[in-house]
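What the coordinates show
For reference, the chains in residue letters:
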Amino acid sequence: MRRISVDKIITGMRLSKSINLIDGRMLLSKGMPLKESYIDKLKNLGIYQVYIDDEISSDLHVDDVISEETRFHARVQVKKLMEDISSSGAIDLCPIGDTVNTIIDELIYNKNIMVNLDDVRSVDDYTFSHSVNVCVLSIITGINLGYNQTRIKEMGMGALLHDIGKTKVSNEIIKKPGFLHPVEMEEMKKHAEYGHEILKSFPEIGYTSRFVVLAHHERCDGSGYPLGLKGEETHEFVKVVAVADVFDALTSDRIYRRRVERQEAVEYLTSMSGKLFDCDIVKAFIRSVPVYPIGTIVELSTGQKAIVLDNNRDFPTRPRVRIIEDEKRNRVQKCDVIDLLKINNITVLRECRDI
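The sections below set out a description of the structure shown in this document. Predicted, not measured: the structure shown is a model, and the values here were computed from it.

Turning our attention to the overall build of the protein chain. Across its full length, the protein chain carries 12 helices and 10 strands. Over its C-alpha trace the protein chain gives a radius of gyration of 21 Å, about what one expects of a compact globule, namely 20 Å for 355 residues. For the protein chain, the spread of C-alpha atoms along the three principal axes comes to 65 × 45 × 40 Å. Across the 355 residues that make up the protein chain, the buried fraction comes to 56%. As displayed, the protein chain offers around 16000 Å² of accessible surface, 50% of which is attributable to carbon and sulfur atoms. With 49 positive and 54 negative side-chain charges, the protein chain shows a spacing of 2 Å between the two charge centroids.

Here it is as structure tokens:
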């Protein structure tokens, strides 16, 4: 299996991962051959990436870091919570706590976990899916940093709830298909304070979790909001969630722009380490987020193209790959496997989007 842009789907390609809508309906099932009407439906729903099986990837299987059931249930719980806040203000946080515990249970015993699979989501479901992904990525980073289960739960609650303040921002701003004007941006920035204010009424949510909601847009150099905190003025949990939040936002399709590739997102986080983001936290984060996930098509310095078979955890830019095209763009018959960790004179130049 491999991830492919909807624009690159060829009629007849088969899905390797089912696509479910957040209301519980299955849009397309695993193994279904894709036809033009399905492709148009995906585009209309704002789903721009899917996983398919084809001749170069049919032997690859990539598991999500949490079960499909857990991810779906978590998205539904976040959606219900935000709808309840918008409609009545009467909310029950117990299901959110249970959801975080389930996510932790599925992640905490796998110390070498790597996030190779991206969540397939529509742009309209962005906030719900984003909240779940930020929670998952934050928990994995916390595990890498050696946090105990109590600390992970505190941080995970703040991570899953970090965007609930967006329920107090108008849909015209949230769903605007373009960049925000300064006045609109100032209103959007208030979502952090709105979220913190909502949670103040719920003593079962600890101060640290609430602070994550308030401060997840703070930056180490003081350039963030709403408080302009610097360095040690903010909590370590905030710094973890900030990295997870930015990474998932960059690598997600949005109403107003398409996603960037993981390589660009990792390069951005690394380049901003010590300025916007904590260096140690960025290092812990990228240990579990491969630059080139399994199934990615890459161009090598030799001019050949290859598909990523596995990642080297401590050397993320040097995966194990299988050659699929020679330097003249001819599909190869004998598929050589190369471990770039063992061959120093070959490097990955870029991810390819044209196959």
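And the narrative resumes.
A separate point is the nonpolar core. When a protein is soluble and globular, its nonpolar side chains tend to lie buried together. Formed by 76 residues in total, the largest nonpolar core has its most connected members in Leu93, Leu107, Leu161, Phe285 and Leu300. The dominant element in this core, judged by the number of residues it contributes, is helix α4 (residues 126-144), at nine residues. Look past the residues within four positions of Phe285 in its chain and what remains in contact with it is Leu137, Thr141, Val243, Ala244, Phe247 and Leu269. With 29 residues, the next largest nonpolar core counts Leu15, Leu21, Leu27 and Leu42 among its residues.

Attention now goes to the sheet that holds strand β1 (residues 2-5). Strand order in the open sheet formed by three strands is β1-β5-β2, with antiparallel pairing between adjacent strands. Looking at which strands have only one partner, the edges of the open sheet turn out to be β1 and β2 (14-15). When β1 meets strand β5 (residues 49-53), the two strands line up antiparallel, connected through four bridges. Each bridged residue has a counterpart across the sheet, and for Ser5 the counterpart in β5 is Gln49.

Okay, the pairing of β5 next. Among the five residues of β5, four are classified as buried, and the element is accordingly described as predominantly covered. Here β2 runs beside β5; their pairing, made up of two bridges, is antiparallel. Each residue of the ladder has a partner; that of Leu15, found in β5, is Ile52.

Turning to the packing of aromatic side chains, a few remarks are in order. Inspection of the entire model under this criterion finds four aromatic pairs. A ring pair is formed by Phe247 and Phe285, whose centres lie 5.1 Å apart and whose planes are at 65°; its orientation type is edge-to-face. Here Phe247 is found in helix α10 (residues 236-250), whereas its partner Phe285 is found in helix α12 (residues 279-286), with 38 residues between them in sequence. Each member of the pair Phe247 and Phe285 is classed as buried. Where Tyr268 meets Phe277, the ring centres are 6.1 Å apart and the plane angle is 75°; that geometry is what we call edge-to-face.

Bringing unusual backbone geometry into the picture now. At the junction of Tyr225 and Pro226, the peptide bond is cis and its omega measures out at 10° in the coordinates. Topologically, Pro226 is positioned in the loop between α9 (207-215) and α10.

Turning our attention to the packing of α10 against helix α11 (residues 262-271). Packing of α10 against α11 leaves a shortest axis separation of 9 Å and a crossing angle of 150°. Compared by their axis directions, α10 and α11 come out roughly antiparallel. Handedness of the crossing formed by α10 with α11: right-handed. Within the contact between the two elements, α10 uses Val243, Val246, Phe247 and Leu250 and α11 uses Arg262, Ala265, Val266, Tyr268 and Leu269. Here the contact of α10 with α11 is built from residues that sort into eight nonpolar, no polar and one charged.

Quick look at helix α5 (residues 149-160) now. If you check α5, its first and last C-alpha atoms are 16 Å apart, about what 12 residues at 1.5 Å a residue would give, namely 16 Å. Buried-residue contacts for α5 involve α2 (68-87), α3 (94-107), α4, α9 and α10. The N-capping residue of α5, defined by a side-chain oxygen 3.2 Å from the backbone nitrogen of Thr150, is Asn148.

In terms of residue burial, α9 counts as a mostly covered element, since eight of its nine residues are buried. Within α9, burial applies to Thr208, Ser209, Arg210, Phe211, Val212, Val213, Leu214 and Ala215. Against α5, α8 (191-199) and α10 lie the buried residues of α9.

On to the pattern of salt bridges. Scanning the entire structure with this criterion turns up 26 salt bridges. Taking the shortest distance from any N to any O, the salt bridge between Arg331 and Glu55 comes out at 2.7 Å. In this pair, Arg331 is assigned in the loop between β8 (320-325) and β9 (337-339) and Glu55 in the loop between β5 and α2, connecting sequence segments 276 residues apart. One salt bridge connects Arg287 with Asp314, and the closest N-O pair in it is separated by 3.8 Å. Taken together, the positions of Arg287 in the loop between α12 and β6 (297-300) and Asp314 in the loop between β7 (305-310) and β8 put the pair 27 residues apart, joining distant regions of the chain. Via salt bridges that share partners, Arg3, Asp118, Arg259, Glu261, Arg262 and Glu351 belong to a single interconnected network.

The rules we used
Residues numbered from 1 in each chain as written. Predicted model: local features only at pLDDT ≥ 70, side-chain atom pairs only at ≥ 80, totals over all residues. Heavy atoms only, no water. Helix = DSSP H or I, 4+ residues; strand = E, 2+ residues; numbered from the N terminus. Rg over C-alpha atoms; globule rule 2.2 N^0.38 Å. Buried < 20%, exposed > 50% of the residue type's maximum accessible area, 1.4 Å probe, protein only. Areas by Shrake-Rupley, 256 points an atom, 1.4 Å probe, with all protein chains shown as cover. Lys, Arg positive; Asp, Glu negative; His and termini not counted. Charge placed at Lys NZ, Arg CZ, Asp CG, Glu CD. Core = buried A, V, L, I, M, F, W, Y, C linked by side-chain atoms within 4.5 Å. Contact = heavy atoms within 4.5 Å. Pairing = 2+ DSSP bridges. Phe/Tyr/Trp six-rings, centres within 6.5 Å; stacked < 30°, edge-to-face > 60°. Axes fitted to C-alpha atoms, helices over the stretch in contact; angles between N-to-C directions. Parallel < 35°, antiparallel > 145°, perpendicular 65-115°, else oblique. Left-handed = near helix turned anticlockwise from the far one by under 90°. Nonpolar A, V, L, I, M, F, W, Y, C, P; charged D, E, K, R; others polar. Expected span 1.5 Å × (residues − 1). Polar contact = N/O pair within 3.5 Å; in protein donor to acceptor, adjacent residues only side chain to side chain. Salt bridge = Lys/Arg side-chain N within 4 Å of Asp/Glu carboxyl O.

These values are about where atoms sit, not about what they do.
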